[in-house]
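Take a look at the letters that make up each chain.
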Amino acid sequence: AQTVTQSQPEMSVQEAETVTLSCTYDTSESDYYLFWYKQPPSRQMILVIRQEAYKQQNATENRFSVNFQKAAKSFSLKISDSQLGDAAMYFCAYRKAGGGSNYKLTFGKGTLLTVNP
Amino acid sequence: DVKVTQSSRYLVKRTGEKVFLECVQDMDHENMFWYRQDPGLGLRLIYFSYDVKMKEKGDIPEGYSVSREKKERFSLILESASTNQTSMYLCASSRPGSGSLHFGNGTRLTVT
């Protein structure tokens, strides 16, 4: 079974600084998807960024970027110029490529990010 | 924008009651999911459905069942609620492709 590990239960960052959240995963698949989700205190879970394993280029979305290391099975999230609104629980998630039952996502336990003014 | 609506934000039930959690999505998504979220445990998949009337067990299906009679609606049923089912329940949907999930606001269920 696939597992997703987030080794940092909590992180903090100063406003305007950069922070990196870690995620590792275990899989024997060669094609899969990786995700970072954000859950602010209002608790609506929203997608931050997505990476397809077959793409070597790291995904970026504005201030959010990933460092995808396929051989190391590592998928870290970098938040640049941190803002107070970035404070949230962040979840890393994995799913196999393909359809049907492969659509289910496996989540890590989350990292709680605090942004200090 | 995709909207996933969960019928209740907060719910309090007694041990032994039959509980229905309803979820509706408005974007014609094939896939729908029920996750449970507990502190320190992240999100754990209870059941999911990749087509109408299709369902598949997730990682923690014991004590739960589901129903998907229509594409837009996915119901989670606790046949006989127990205190260890006190939790946050998140419904999500996705369409074919990357399968990015769209989540509802969650239902915080307390079983006393």
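Scroll up for the structure.
Small disclaimer: the values here were computed from a predicted structure and weren't measured.

Q: What should I look at first to understand the pairing of strand β5 (residues 31–38) of chain B in this one?
A: Successive residues of a regular strand alternate their side chains across the two faces of the sheet. Residues and elements named next belong to chain B. In terms of burial, β5 is largely enclosed, as eight of its eight residues are buried. In β5, alternate side chains face the same way, and those of Asn-31, Phe-33, Tyr-35 and Gln-37 on one face and Met-32, Trp-34, Arg-36 and Asp-38 on the other are all buried. Note: β5 against strand β10 (residues 87–94), seven bridges, orientation antiparallel. Bridging from a neighbouring strand, Phe-33 pairs with Ala-92 of β10. One ladder, built from seven bridges, connects β5 with strand β6 (residues 42–49); its direction is antiparallel. Bridged to Trp-34 within β6 is Tyr-47.

Q: Would you mind going over the interface of chain A and chain B with me for this structure?
A: In many reports, interface size means the accessible area that the parts give up when they come together. Listed by partner, the interface residues are 20 residues for chain A and 30 residues for chain B. Both faces combined, the contact of chain A with chain B buries some 2,000 Å², and carbon together with sulfur accounts for 51% of it. If you look at where chain A meets chain B, you find zero salt bridges. Our count for the contact surface shared by chain A and chain B stands at five residue pairs in polar contact (both at pLDDT 80 or more). The set of elements that each furnish at least two residues to the side of chain A that touches chain B consists of β5 (32–39), β6 (46–52) and β10 (88–96) of chain A. The element contributing the most residues to the side of chain A that touches chain B is β5(A), with four residues. The class makeup of the residues in the side of chain A that touches chain B is nine nonpolar, six polar and five charged.

Q: I keep staring at the pattern of salt bridges and nothing clicks. Help me out?
A: Oppositely charged side chains can form a pair if their charged atoms are brought close together. Inspection of every chain in the model, using the stated rule, returns 10 salt bridges over all chains. Between Glu52(A) and Arg50(A) there is a salt bridge, with its nearest N and O atoms 3.9 Å apart. Notably, a salt bridge pairs Asp38(B) with Arg36(B), separated by 2.8 Å at the nearest N-O pair. Taking the relative accessible area as the measure of exposure, Asp38(B) reaches 12% and is therefore buried. A cluster of three or more residues bridged by salt bridges with shared partners is formed by Arg50(A), Glu52(A) and Lys55(A).

Q: For this particular structure, what's the right way to read the side chain of Ser65(B)?
A: All names here are of chain B. Position of Ser-65 among the secondary structure elements: in strand β8 (residues 64–70). The exposure class assigned to Ser-65 is buried, which follows from its relative accessible area of 17%. Of note is the side chain of Ser-65, whose polar atom sits 3.0 Å from the side chain of Glu-79. Those residues in contact with Ser-65 that sit more than four places away from it in its chain are Tyr-47, Ser-75, Leu-76, Ile-77 and Glu-79.

Q: Would you explain the state of the cysteines in this entry?
A: All names here are of chain A. Under the defined criterion, the tally for this structure stands at two disulfides over all chains. Disulfide pairing places Cys-23 opposite Cys-92 at an S-S distance of 2.0 Å. Because the torsion about its S-S bond is -70 degrees, the bridge between Cys-23 and Cys-92 counts as left-handed. In this pair, Cys-23 sits in the loop between β3 (19–21) and β4 (24–26) while Cys-92 sits in strand β10, placing the two residues 69 residues apart along the sequence. As far as burial versus exposure is concerned, Cys-23 and Cys-92 are alike and both buried.

The rules behind each value
Residues numbered from 1 in each chain as written. Chains lettered and ligands numbered in written order. Predicted model: local features only at pLDDT ≥ 70, side-chain atom pairs only at ≥ 80, totals over all residues. Heavy atoms only, no water. Buried < 20%, exposed > 50% of the residue type's maximum accessible area, 1.4 Å probe, protein only. Helix = DSSP H or I, 4+ residues; strand = E, 2+ residues; numbered from the N terminus. Pairing = 2+ DSSP bridges. Contact = heavy atoms within 4.5 Å. Buried area = accessible area lost by both parts, 1.4 Å probe. Salt bridge = Lys/Arg side-chain N within 4 Å of Asp/Glu carboxyl O. Polar contact = N/O pair within 3.5 Å; in protein donor to acceptor, adjacent residues only side chain to side chain. Nonpolar A, V, L, I, M, F, W, Y, C, P; charged D, E, K, R; others polar. Disulfide = S-S within 2.5 Å.

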